[in-house]
Amino acid sequence: MLSGTGNISIVTLLEQLIYIAEEASNALNRLVMIIPENGDFPEPEVVDKFLRQDVRIAKNKIDDTVEKILEYLASSRLELVDRKEFYINVALRYRDIMDYLSHTAHRLLLLSKRIQGNGTNAALNSKIRKMAATGNDILSRLTLSIRGLLSAETGTEEAVKQVESLLSKVKLLEQTADELYVDLLENIIDAYGDNLVAYTLYREVIDRLEDLVDASLSQATDILILAKSTIS
C-alpha cells in the first residue's frame, strides 16, 4: 500500500518521479508545437531556441532529480523502499528519454539549416510531427499512470485496473509509432535516397524518436509491475 500507510519514503519517491515525468512530457509536447501542422519545416532559430532552452532546462532538472532519487535510495533508508530496482529503472530511463529527445532536436536543427527553402518535404515532415505527437501521448499516459500510484485508492484492484487501462493504451500507441516509423523510413529513402546528408539526418530523427518510444514502453512495463505489486 502507498496511501494511508505512513510510508512517506514511497510517497516522496513517486512525487519525484511524477515531476521528472511531467518535465519530459512537457519538453516533447513543445517539440510537437514547433513543427508546423502544414508540413513546413521549423525555422533554424526556432529549433535552436527549443534545444537551448526547453530541452536543456528540462534535461538539467531531470538529471538533478534522478541524482537525488539515486542518493535517496542509496541512503540508510534503502530498506524502507520495496521493489527499489523498478523505481531506479524508471528514474534512469527518463534520463535516457531526455537524451533521445535532445538528439532528435539536434538532428532537426541540422536538418533545418540544410533543407530550409531547398525543397522541404511537407508530407514527410507532417508524419514526423505525428510520430512525435504519438510519443507525447505515450509520455502523458505514463505520467498519469505514476500519478495513479498515488491515488486515494492505491493498493486496490480498482486502482491497478485504472493504471493497467492507461498502459494498455500505451501499447496501442507504441504500435502506431512503429507503423509510422516503417512508413517514414520508406518515405525518407524515396525522397532523399540520393542525398546522403539529408537521408542520414532524417533517419537519425526518426531513429531517436523510435528509441524514445521503445524506452517509454519499457517504462509502462515497470510501472505496471509496481502497480500490481501494491496488492500482492
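Residues numbered from 1 in each chain as written. Predicted model: local features only at pLDDT ≥ 70, side-chain atom pairs only at ≥ 80, totals over all residues. Heavy atoms only, no water.

*Asks:* Just to check I follow, could you spell out the confidence of the model for the chain for this structure?
*Replies:* Low pLDDT means the predicted coordinates in that region are not meant to be read closely. Confidence in the prediction of the chain, expressed as mean pLDDT, is 87, and 89% of residues score 70 or more. Contacts of residues 1-8 to residues separated by more than four positions or lying in other chains number 13 contacts, the stretch itself having pLDDT below 50. (pLDDT = per-residue confidence, 0-100. Contact = heavy atoms within 4.5 Å.)

*Asks:* When you look at the pattern of salt bridges in this model, what are you seeing that I'm missing?
*Replies:* Scanning the model with the defined rule gives 15 salt bridges in all. In this structure, the salt-bridge partner of Glu22 is Arg147, at a minimum N-O distance of 2.4 Å. Of this pair, Glu22 sits in helix α1 (residues 8-34) while Arg147 is found in helix α4 (residues 122-148), placing the two residues 125 residues apart along the sequence. Given the relative accessible area of 29%, Glu22 is considered partly exposed. Residue Arg147 is classed as partly exposed on the basis of its relative accessible area of 41%. Note that Asp54 and Arg30 form a salt bridge whose closest N and O atoms lie 3.8 Å from each other. Of this pair, Asp54 sits in helix α2 (residues 44-73) while Arg30 sits in helix α1; the two residues are 24 residues apart in sequence, bridging distant segments of the chain. Relative accessible area serves as the criterion here: at 28%, Asp54 is assigned to the partly exposed category. (Salt bridge = Lys/Arg side-chain N within 4 Å of Asp/Glu carboxyl O. Helix = DSSP H or I, 4+ residues; strand = E, 2+ residues; numbered from the N terminus. Buried < 20%, exposed > 50% of the residue type's maximum accessible area, 1.4 Å probe, protein only.)

*Asks:* Please explain the packing of aromatic side chains as it appears in this structure.
*Replies:* Remark: the centre distance and the inter-plane angle together describe each pair of aromatic rings, the angle taken between the planes. Tallied over the full model, the rule gives two aromatic pairs. For the ring pair Phe41 and Tyr202, a centre distance of 6.3 Å and an interplane angle of 85° mean the geometry is edge-to-face. Here Tyr202 lies in helix α6 (residues 196-229) and Phe41 lies in the loop between α1 and α2, a separation of 161 residues in the sequence. Tyr202 shares its class with Phe41; the two are buried. Taking 5.0 Å as the distance between ring centres and 25° as the angle between the ring planes, the aromatic pair formed by Tyr192 and Tyr202 counts as stacked. Of the two residues, Tyr192 is situated in helix α5 (residues 157-192) and Tyr202 in helix α6; the sequence distance between them amounts to 10 residues. Through a chain of ring-to-ring contacts, the aromatic side chains of Phe41, Tyr192 and Tyr202 assemble into a single cluster. (Phe/Tyr/Trp six-rings, centres within 6.5 Å; stacked < 30°, edge-to-face > 60°.)

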